[in-house]
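Chain residues, written in single-letter form:
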Amino acid sequence: MVTLTDKNNRNDVDIEISHVAPSASQFIQLRESIGWNNLDSLDEIEQSIQSSLFWITIVRGKELVACGRVIGDGYMYFYLQDIIVHPKCQGLGFGQMVMNGIEQWLLTKAKKGATIGLLAAKGKEDFYARFEYLKRDGSALGLGMCKFI
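Residues numbered from 1 in each chain as written. Predicted model: local features only at pLDDT ≥ 70, side-chain atom pairs only at ≥ 80, totals over all residues. Heavy atoms only, no water.

Peer 1: In this structure, what is going on with helix α3 (residues 94-109)? I would like to understand it.
Peer 2: Working note: α-helix, 3.6 residues per turn, so residues spaced by three or four point in the same direction. Across its 16 residues, α3 extends 23 Å between first and last C-alpha, which sits within 8% of the 22 Å expected from 1.5 Å per residue. Every buried residue of α3 is listed here: Phe94, Gly95, Met97, Val98, Met99, Gly101, Ile102, Trp105 and Leu106. (Helix = DSSP H or I, 4+ residues; strand = E, 2+ residues; numbered from the N terminus. Expected span 1.5 Å × (residues − 1). Buried < 20%, exposed > 50% of the residue type's maximum accessible area, 1.4 Å probe, protein only.)

Peer 1: Would you explain the pairing of strand β5 (residues 77-85) in this entry?
Peer 2: Two faces belong to every sheet, and in a regular strand the side chains alternate between them. Examined bridge by bridge, strand β4 (residues 63-72) and β5 share six bridges and lie antiparallel to one another. Paired with valine 70 across the bridge in β5 is leucine 80. Hairpin connection, β4 to β5: the antiparallel pair is bridged by four residues, and glycine 74 has positive phi, about 80 degrees. Two strands pair when backbone bridges link them, and β5 and strand β6 (residues 115-118) are joined in this way by four bridges, in the parallel orientation. (Pairing = 2+ DSSP bridges.)

Peer 1: So what exactly am I meant to see when it comes to the packing of helix α1 (residues 24-33) against helix α2 (residues 42-50) here?
Peer 2: The relative placement of two packed helices comes down to the angle between their axes together with the axis-to-axis distance. At a minimum axis separation of 9 Å, α1 and α2 run at an interaxial angle of 95 degrees. Taken together, the axes of α1 and α2 are roughly perpendicular relative to one another. Residues Ala24, Phe27 and Ile28 of α1 form the contact with α2, whose participating residues are Leu42, Ile45, Glu46 and Ile49. For the contact of α1 with α2, the class distribution of residues is six nonpolar, no polar and one charged. (Axes fitted to C-alpha atoms, helices over the stretch in contact; angles between N-to-C directions. Parallel < 35°, antiparallel > 145°, perpendicular 65-115°, else oblique. Contact = heavy atoms within 4.5 Å. Nonpolar A, V, L, I, M, F, W, Y, C, P; charged D, E, K, R; others polar.)

Peer 1: I'm lost on the environment of isoleucine 102 in this one. Help?
Peer 2: Along the polypeptide, isoleucine 102 turns up in helix α3. Exposure remark for isoleucine 102: the relative accessible area of 0% places this residue in the buried category. Spatially, the C-alpha atom of isoleucine 102 lies 7.5 Å from that of valine 70, the residues being 32 residues apart in sequence. Ignoring sequence-local partners within four residues, the contact set of isoleucine 102 consists of Phe54, Ile56, Gly68, Arg69, Val70, Leu80 and Ile83.

Peer 1: How should I be thinking about the nonpolar core in this particular structure?
Peer 2: Generally speaking, soluble globular proteins have nonpolar side chains that are buried together. Ranked by size, the top nonpolar core spans 25 residues in total, and within it Ile58, Phe94, Met99, Ile102 and Leu106 carry the most contacts. Within the residue set of this core, elements represented by two or more residues are β3 (54-60), β4, β5, α3 and α4 (125-129). Apart from the residues within four sequence positions on either side, leucine 106 is in contact with Val70, Phe78, Leu80, Ile116 and Tyr133. Counting residues in each nonpolar core, the second largest holds eleven residues, with Ala24, Phe27, Trp55 and Leu64 among its members. (Core = buried A, V, L, I, M, F, W, Y, C linked by side-chain atoms within 4.5 Å.)

Here it is, written out as structure tokens:
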């Protein structure tokens, strides 16, 4: 258990940080809190959760308030996915804690020559730059692309 002090309210915040994947319902609720859509099938969401290489979750009380995961092949390619902090908990350092946990795990798993990627939400690029992720501006690396179905 970790106790933080909320700078805005001066309240102590008890949280639990773990490397256990959230339940599908917890994950759905956290994604919805920031306006992200989910798959229609609970089974498919559960399959996605279980197929991840690594999870870090932050629970406050019984509520999942932050998470992040790594997906990929576990050898050459690692992708950061679903780095989420509930809007009511933003600004408390939870995003930093999630990223620190992921970076520590990557230090033990990603070997020289591996690629670690992510798709940053608009306006969040500077947050990831603090962890030495490069913006793909199209000059040296080309632009990143994605397809939504």
